[in-house]
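Listed here are the chains, written in short residue letters.
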Amino acid sequence: MSRIPLVTGRDYNIHYYEVDIHKRALMTSIINFLGDMAMYQSEILGVGIDHLKENNLAWVLYKWDITIDSYPLLNETIRIETCPYSFRKFYAYRKHEIFDAEGNKIGHANSVWFLINTNRRRPMKIMEGMYEAYGIDDSNNESIEIEDILTVTTVHSEKSFDVRYSDIDTNMHVNNVKYVSWALETVPKDIVLNYELKNIKVTYEKETTYGETIKVSTEVIREES
């Protein structure tokens, strides 16, 4: 008997501290919502943080591919829906959709996660209980491909950041959204003021912890019109 992946939705109001100078929701705010939805679904399915800790497990985010067609504004309410797409060995693939108050789709995202044993800090194969909890069929091992990030060849902007206590998450390493915040901080001011971020892809290669210093290098590639 095949299983049906579960779709979970939740509403989010856009607060003042979640918007930019144009009153649009920050990309980092949206990523926080997306991550919150993934964890919220796990919690209501009984495989949330406490369950993971009891079994020395943790989900680690590997990749994001996020597209925003229309940014929500201050005080608007959006709805985010998420669905586990498939499992493949120790990888988990997840889809997300974002809707405005009228039900119009304004964005979508794909993400790739992997399951680790927290004692050994190594990936482990996803067990049958996870397939059952998320409604994933055993035969569904189709992956979602997110291309790798291009290597910076010419540095146009560079900044360093110290990892603070407030940057650390429940897995005791830097929260994934902090990396995006650091990267966006190095984007030149004229681009921030005059352009709108439509798509962002993120690949997490190595975890960082409290006390480390992170250096972010940025290359600006301008397309010819």
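J.: Looking at this structure, I do not really get the pairing of strand S3 (residues 77-88). What am I missing?
T.: Residues in a regular strand project their side chains so that they alternate between the two faces of the sheet. Judged from the 6 bridges that link them, strand S1 (residues 8-13) and S3 form a sheet pairing that is antiparallel. For threonine 8, the partnering residue across the bridge sits in S3 and is threonine 82. As paired elements, S3 and strand S4 (residues 91-99) share 9 bridges and run antiparallel to each other. Counterpart to phenylalanine 87 in the pairing with S4 is alanine 92. Adjacent in sequence and paired antiparallel, S3 and S4 are bridged by 2 residues, among which lysine 89 carries a positive phi angle near 60°.

J.: Explain the packing of helix H1 (residues 27-44) against helix H4 (residues 176-185) here, please?
T.: A pair of packed helices is characterised by two quantities: the angle between their axes and the separation of those axes. One way to put it is that H1 packs onto H4 with a least axis distance of 10 Å and a crossing angle of 165°. As the angle between them shows, H1 and H4 are arranged roughly antiparallel. The way H1 lies across H4 gives a crossing that is right-handed. Contacts between H1 and H4 involve Met27, Thr28, Ile31 and Asn32 from the first element and Asn176, Val177, Val180, Ser181 and Leu184 from the second.

J.: Even after reading the chapter, I still don't get the nonpolar core, so can you show me in this structure?
T.: In a soluble, globular protein the nonpolar side chains are often hidden away together inside. Counting residues in each nonpolar core, the largest one holds 47 residues, and the members touching the most others are Trp59, Trp64, Ile66, Phe87 and Met130. In terms of residue count, the dominant contributor to this core is H1 (7 residues). The contact partners of phenylalanine 87, leaving out residues within four places of it in the chain, are Trp59, Ala92, Ile126, Met130, Tyr131, Tyr134, Ile136, Asn140 and Asn141. With 9 residues, the next largest nonpolar core counts Ala58, Val60, Ile144 and Ile146 among its residues.

J.: Which parts of the structure should I look at to understand the pairing of strand S5 (residues 105-117)?
T.: Of all 13 residues making up S5, 11 are buried, and the element is well covered by its neighbours. The sheet contact formed by strand S2 (residues 57-68) and S5 spans 11 bridges and is antiparallel. Across the sheet, residue aspartate 65 finds its bridge partner in S5, namely asparagine 110. Bridge count for S4 against S5 is 9 bridges, and the pairing is antiparallel. Paired with glutamate 97 across the bridge in S5 is histidine 108. The turn joining S4 and S5, which pair antiparallel and follow one another in sequence, is formed by 5 residues; a positive phi near 90° is taken by glycine 103. Following S5, the chain reverses through 4 residues before pairing antiparallel with strand S6 (residues 122-123); arginine 121 in that reversal takes a positive phi of roughly 55°.

Calculation rules
Residues numbered from 1 in each chain as written. Predicted model: local features only at pLDDT ≥ 70, side-chain atom pairs only at ≥ 80, totals over all residues. Heavy atoms only, no water. Pairing = 2+ DSSP bridges. Helix = DSSP H or I, 4+ residues; strand = E, 2+ residues; numbered from the N terminus. Axes fitted to C-alpha atoms, helices over the stretch in contact; angles between N-to-C directions. Parallel < 35°, antiparallel > 145°, perpendicular 65-115°, else oblique. Left-handed = near helix turned anticlockwise from the far one by under 90°. Contact = heavy atoms within 4.5 Å. Core = buried A, V, L, I, M, F, W, Y, C linked by side-chain atoms within 4.5 Å. Buried < 20%, exposed > 50% of the residue type's maximum accessible area, 1.4 Å probe, protein only.

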